Amino acid sequence: MQQTTTASVQRGDEAIHEHRVISHVMISHPLQLTDGETMLLADAQFFRKKAAITTKIRAMLEATHGALQNELAGLALVVPLDFDPNLHQLVKGEHLEDFPYQYLDCPKYFSGANKFTFRTLVWWGHHVTCALLLEGSEIGRYKRQLLGRFHQLAGKDLELSLAPSLWEWKRGEGYTLPITHDRKAQIAAVVAERSFLKVVRCVPLGDSRVREGQLARIACETFRSLHPLVTP
């Protein structure tokens, strides 16, 4: 009898907890659609436009891949011995902080703790980011070249990521620090505490080069501006 009563109490507690969870979800995310949400849900043109834009971005990234392969041909780089400049990947997703995204990694090198990857990211609702991701066996040399060739890198719209990992893509105060000629000491202090480097260049989505499909130009210009950091 005692076991039956205890089981009934447990089931009752579980039902109360489930009700509270459902109530909390309904309060946090009301089930009713607003007029604006309903219009968007029913707008077939919105989804057709999204699909068309996605296809165009894919074509831009494919063109960027070809252009970067030309940039890499014959270029000497400070990289691990098993680095392959021909490796790349194209990725599409829907939920980078709730926003769609597409990116190209070229070159793409992730091997254990070693990373040498140049990413061209189109983040809907935010910006285009070209980012060099560096970590692993050569990080000491990258740091030395960043500071030793600082004024070759400064003043080219590059920014140093301040995030605690390589996978933060927001920019601005608290997230990135512009690499300008007057910030060498500040950047040296940041770099000293880091086990990785991420240097980015962000371009607004409204930039005429993005509108005109010149993503390859943006990526190649950014990659060239990073040569002092990664070439012998």
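Above this text you will find the structure in question.
What comes next is a walk through the structure. (Residues numbered from 1 in each chain as written. Predicted model: local features only at pLDDT ≥ 70, side-chain atom pairs only at ≥ 80, totals over all residues. Heavy atoms only, no water.)

### Digging into the packing of aromatic side chains
Where we set the bar: Any pair of Phe, Tyr and Trp rings, taking the six-membered ring for Trp, is counted once the centres come within 6.5 Å. Such a pair is stacked with planes under 30 degrees apart, edge-to-face with planes over 60 apart, and tilted for the rest. Each residue is placed in one exposure class: buried if its accessible area under a 1.4 Å probe, protein chains only, is under 20% of its type's maximum, exposed if it is over 50%, and partly exposed if it falls in between. Counting as a charge over the ring demands two things of the Lys NZ or Arg CZ atom: a distance within 6 Å of the ring centre and an angle within 35 degrees of the ring normal.
Enumeration over the complete set of coordinates arrives at seven aromatic pairs. Between Phe46 and Phe47, the ring centres sit 5.0 Å apart and the planes meet at 80°, which makes this aromatic pair edge-to-face. On the basis of relative accessibility, which here comes to 35%, the residue Phe46 falls in the partly exposed class. Taking 6.2 Å as the distance between ring centres and 10° as the angle between the ring planes, the aromatic pair formed by Tyr101 and Tyr103 counts as stacked. Accessibility classification places Tyr101 together with Tyr103 in one group, the buried group. Chaining the aromatic ring pairs together yields one cluster made of Phe83, Tyr109, Phe116 and Tyr142. In this arrangement the basic side chain of Arg119 is found over the ring face of Tyr103, its NZ or CZ atom lying 3.8 Å from the centre. The ring of Trp169 carries the charged tip of Lys198 above its face, separated from the ring centre by 3.4 Å.

### Things to note about the nonpolar core
Quick reminder of the rule: By nonpolar core we mean a set of buried residues, namely Ala, Val, Leu, Ile, Met, Phe, Trp, Tyr and Cys, connected to one another through side-chain atoms within 4.5 Å. In what follows, residue pairs with any heavy atoms lying within 4.5 Å of each other are defined as contacts.
Phe116, Leu134, Tyr142, Leu197 and Leu229 are the most contacted members of the largest nonpolar core, which has 44 residues in total. If near-sequence neighbours (up to four positions away) are discounted, Leu229 is found in contact with Leu132, Leu134, Tyr142, Gln145, Leu146, Leu153, Leu197 and Val199. The next biggest cluster of nonpolar side chains, apart from the first, holds 12 residues, and it includes Trp123, Ala131, Leu166 and Phe196.

### Thoughts on the side chain of Arg209
Short version of the rule: Comment: elements are numbered from the N terminus, with helices defined as DSSP H or I runs of at least four residues and strands as E runs of at least two.
Relative to the elements of secondary structure, Arg209 occurs in helix H7 (residues 208-211). A residue is classified by how much of its surface remains accessible, and Arg209, at 16% relative accessible area, is buried. When near neighbours in sequence (up to four residues on either side) are disregarded, Arg209 contacts Arg201, Val203, Gln214, Leu215, Arg217, Ile218 and Glu221.

### Some details on unusual backbone geometry
Going from Cys106 to Pro107, the amide bond is cis rather than trans, its omega being -5°. Tracing the sequence through the fold places Pro107 in the loop between strand S2 (99-105) and strand S3 (110-111). Its identity as a non-glycine residue notwithstanding, Glu97 has a phi of 55°, on the positive side. Along the polypeptide, Glu97 turns up in the loop between strand S1 (89-96) and S2. Judged by relative accessible area, Glu97 falls into the partly exposed class, the value being 42%. Of note, Asp98 is a non-glycine position whose phi angle comes to about 75°, a positive value. Mapping Asp98 onto the fold places it in the loop between S1 and S2.

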